[in-house]
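Each chain is listed here by its residues.
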Amino acid sequence: MMQDMEAAPKPAKQLDHRYEGIAKVTGKAKYAAEFSEPFSRSDLAYAYIVQSTIPSGTVVSIERTAADRAPGVIAILTPFNAPKLNPGPPQPPARRNLSLLQDADVYYNGQPVAVVVARSLNEAKAGAAMLKFKYSPKAAQVSFMQNLGEARWPKNPGKEPAGNHRGDLQAAFSKSSAIVENTYITPIQHHNPMEPHATIAWWEGEKLNIYDATQYISGVRMSLAKTLNVPFDYVRVVNPVVGGGFGSKGSMWSHVPLCAIAAKVTGKPVKLVLEREQMFGPVGGRPSTVNKIKLGASADGKLLAMQQDVVMNASVMEDFVEHSEGPTKNLYTSEANSVTAKVVEVNLGVSTFMRAPGEAPGTAVLEIAMDELAEKLKMDPMQLRLVNYADKDPSHDRPWSSKHLRECYTQASERFGWSKRSATPGAKTEGNALIGYGMATATYPANRSAAQAVVRMLSGGRMFVGSGTQDLGTGTYTIMAQQAAAGLGIDPKLVEVKLGDSRLPKAPVSGGSQSSASVLPAIQDATTQLKLKLADLAISDAGSPLHGLRTLDIEAKDGKLTNKNNPSQTDSLTDLIARNGGKPVEATGSAEPSESRDAMTSNSWGAVFAEVAVDRDTHMVKVRRVVATYDIGTLLNDKTGLNQLMGGITWGVSFALHEEAHIDPVYGRVVNESLAEYHVPVNADIGRLDVTVLNIPDMKFNPIGSRGIGEIGITGAAAAIANAIYNATGKRIREYPITPDKIMTA
Ligand code: MOS
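Residues numbered from 1 in each chain as written. Predicted model: local features only at pLDDT ≥ 70, side-chain atom pairs only at ≥ 80, totals over all residues. Heavy atoms only, no water.

Visitor: Tell me what's going on with the packing of helix H9 (residues 359–377) against helix H16 (residues 717–729), and back it up with residues and numbers.
Guide: One can describe the packing of H9 onto H16 by two numbers: an axis separation of 8 Å at closest approach and a directional angle of 35°. Note on packing geometry: the crossing formed by H9 with H16 is right-handed. On H16, the residues touching Thr 363, Ala 364, Glu 367, Ile 368, Asp 371 and Glu 375 of H9 are Ala 718, Ala 719, Ala 722, Asn 723 and Tyr 726. Partitioned by chemical class, the residues of the contact of H9 with H16 number 6 nonpolar, 2 polar and 3 charged. (Axes fitted to C-alpha atoms, helices over the stretch in contact; angles between N-to-C directions. Helix = DSSP H or I, 4+ residues; strand = E, 2+ residues; numbered from the N terminus. Left-handed = near helix turned anticlockwise from the far one by under 90°. Contact = heavy atoms within 4.5 Å. Nonpolar A, V, L, I, M, F, W, Y, C, P; charged D, E, K, R; others polar.)

Visitor: Please provide a residue-by-residue account of the sheet that holds strand E23 (residues 554–557), values included.
Guide: The antiparallel open sheet is built from 3 strands, whose spatial order is E23-E24-E25. Two strands close off the open sheet at either side, each with one partner strand: E23 and strand E25 (566–572). Ignoring which end each strand starts from, the neighbouring axes of this sheet average 35° apart. Examined bridge by bridge, strand E24 (residues 560–563) and E25 share 4 bridges and lie antiparallel to one another. By the bridge assignment, Lys 560 is partnered in E25 with Ser 572. (Pairing = 2+ DSSP bridges.)

Visitor: Which residues make up unusual backbone geometry, and what values do they have?
Guide: Between Pro 92 and the following residue, Pro 93, the backbone shows a cis peptide bond with an omega angle of 0°. Looking at the element boundaries, Pro 93 is found in the loop between strand E3 (73–77) and strand E4 (105–106). In this structure, Pro 737 follows Tyr 736 across a cis peptide bond, with omega equal to -5°. Within the secondary structure, Pro 737 is located in the loop between H16 and helix H17 (740–745). Although it is not a glycine, Lys 378 sits at a positive phi angle of roughly 55°. Position of Lys 378 relative to the elements: it lies in the loop between H9 and helix H10 (381–387).

Visitor: Any details on the pattern of salt bridges? Residues and values, ideally.
Guide: The full count for this structure, using the stated rule, is 33 salt bridges. Arg 456 is paired through a salt bridge with Glu 586; the nearest N and O atoms lie 2.7 Å apart. One end of the pair, Arg 456, is in strand E20 (residues 451–457); the other, Glu 586, is in strand E26 (residues 585–591), and 130 residues separate them in sequence. A salt bridge links Glu 611 to Arg 625; its shortest N-O distance comes to 2.6 Å. Of this pair, Glu 611 sits in strand E27 (residues 603–615) while Arg 625 sits in strand E28 (residues 621–631), placing them 14 residues apart in sequence. Exposure remark for Arg 625: the relative accessible area of 13% places this residue in the buried category. (Salt bridge = Lys/Arg side-chain N within 4 Å of Asp/Glu carboxyl O. Buried < 20%, exposed > 50% of the residue type's maximum accessible area, 1.4 Å probe, protein only.)

Visitor: Would you mind going over the nonpolar core in detail, with residue names and values included?
Guide: Ranked by size, the top nonpolar core spans 87 residues in total, and within it Leu 295, Leu 373, Val 612, Tyr 630, Leu 657, Ile 721 and Tyr 736 carry the most contacts. In terms of residues, this core owes the most to one element, H9, which gives 10 residues. When near neighbours in sequence (up to four residues on either side) are disregarded, Leu 295 contacts Phe 173, Ala 178, Ile 179, Val 180, Leu 303, Ala 305, Met 306, Leu 366, Ala 369, Met 370 and Leu 373. (Core = buried A, V, L, I, M, F, W, Y, C linked by side-chain atoms within 4.5 Å.)

Visitor: I'd love a proper account of the confidence of the model for the protein, names of residues and values included.
Guide: Overall, the predicted model of the protein reaches an average pLDDT of 96, with 99% of residues at or above 70. Here residues 1–6 scores under 50 on pLDDT; set against residues more than four positions off or in separate chains, the count is 10 contacts. (pLDDT = per-residue confidence, 0-100.)

Put into structure tokens, the structure is as follows:
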């Protein structure tokens, strides 16, 4: 640990509030759907997507006379008149397989099959209601559970192979003295960011401008250019703030090019906002997973064999693999290990990344199995994790760049009071409530990609930093200001930040928890270049007290350039730029993962402890408190960072108790496609969240020492709650969400 600490730079001075916070709470921050410039607002037209009402078949005809004559209707795009595009194969993460009215085929119920454009949203919806579709239906398969036997290997498993085996599994099971073997199920879940997907498109001649609620402006730009056959340079995507994405805005979906062609066809700026109901299908979701897990251990708790075979639903349109077998591969050491992931094709929308894809359901299921194994071994569940602690990455047989999970277990268990737990279910009661304690391990890979940034020293001691990244509500603006300021030793309050515009230097998708880990090193590089330029400016400036010095003698701190050898010799950045005629000095920077990346594995870690109270009669579960400690490298901002971890845990509560999409078994539509019926937690559902981080820099991962923080919070939390419910009730529920009916009938 000390070695890690010594290499670490001084942490950047933090902003004490969210950079864009005041703009957001005063209504000045503009989300994609809220722009009314630079086009004329009265010119703006509204597009409404019409969705299929059958799960499989073809559109034979559309009776549209009434709709064409309806007040305000400007254009109707259907499979029979839409311009021919160049959809091409899906290219995750930039985009998934789309429905762009290029043919009349229907693959799922809810698929976009027409777009009505009108002067107002209400007129567009009224026009849409007048369209009469005639379908030729085909037999559809919408039930995944009834067709598990049809599971096949995925055609495109994503970044991980769909099968992985090491050691002699059967031999390891046969010498195990304790074995647990069960099936664990996670449901289909849908992203519900507060801000729905929204696009405004307008053309200036051949040039396309887009305001789009996205996690990936350069991905949308690239995908639109390809799909619409326009030069890349002709597309501009702007998106200064995002009201949550969680993966569903990580790829471009059909409504974006549909909005662009609606604008082209009508010659107007067009706004297309998905309704909440339209977000259950056309913009992805997390597939359901059925996980057969078998664990074998010796009497002293050493894992000998671990096996997980997962089957999930995939759309007939495109495979997406939710790697819920991931944690079984590398969370603990074991002599033998075998995992597989297979898919069953169904007539549902394409699945996609959803907060901590793989690790969220993966820890939710494996960490129940570990709790069951601990019970069988009569071992403390945390002790079982410690006995099987992976000091190196067992799936790749290589070191971790940094791992301090032991300290997470120690800190969180002490704050929680884990030693007071009784191993006997139902031992602790309060009035009519059964009280239970549970714990689980959290983990999520640390990712980073190539990124670029630009910085400028401005007059008045102020600075500018820009990068074509996104802020999903996570704190990107805030930490960009901090990093730029740290580079020149100025106050982060003096930094102006720009992001969310494809004209800025390129940055990766804000997915996989990688934005800060990718963009901050680029800003660091840019400020290093800027410092050199400013020093050279001072050196060549006869009016500077630093005139004639050598570049390497000059450092920047507290808003000044200083002679390292004679700290009383300084030139303030304000004076320097003033003598430069007020002209800003600019530098660009870039950063990418080092070549040594493949020699090690970088993950974040955490230990999560939960206390629940279960009513003996109603079987309602109240999560009273969650205590967690994470090892995420350097914590960049106390408020925005801990806020993300708390948000993740909140979603863990939701995963454990609330969320599930119900599919109509005949029609294949999500039945509960609204926030009234698709349950997400509200404040009253969340007890006390007590979150800390170790704040130990991971300098082998990147020069900031910081791993991503956006996704790990959801991992482990659901299992900690499930295990607490068992500790309270003695009922082992292996199917999420753990609703009162399941506890009652178990
Ligand atoms: Mo995240 S699910 O990679 O946006």
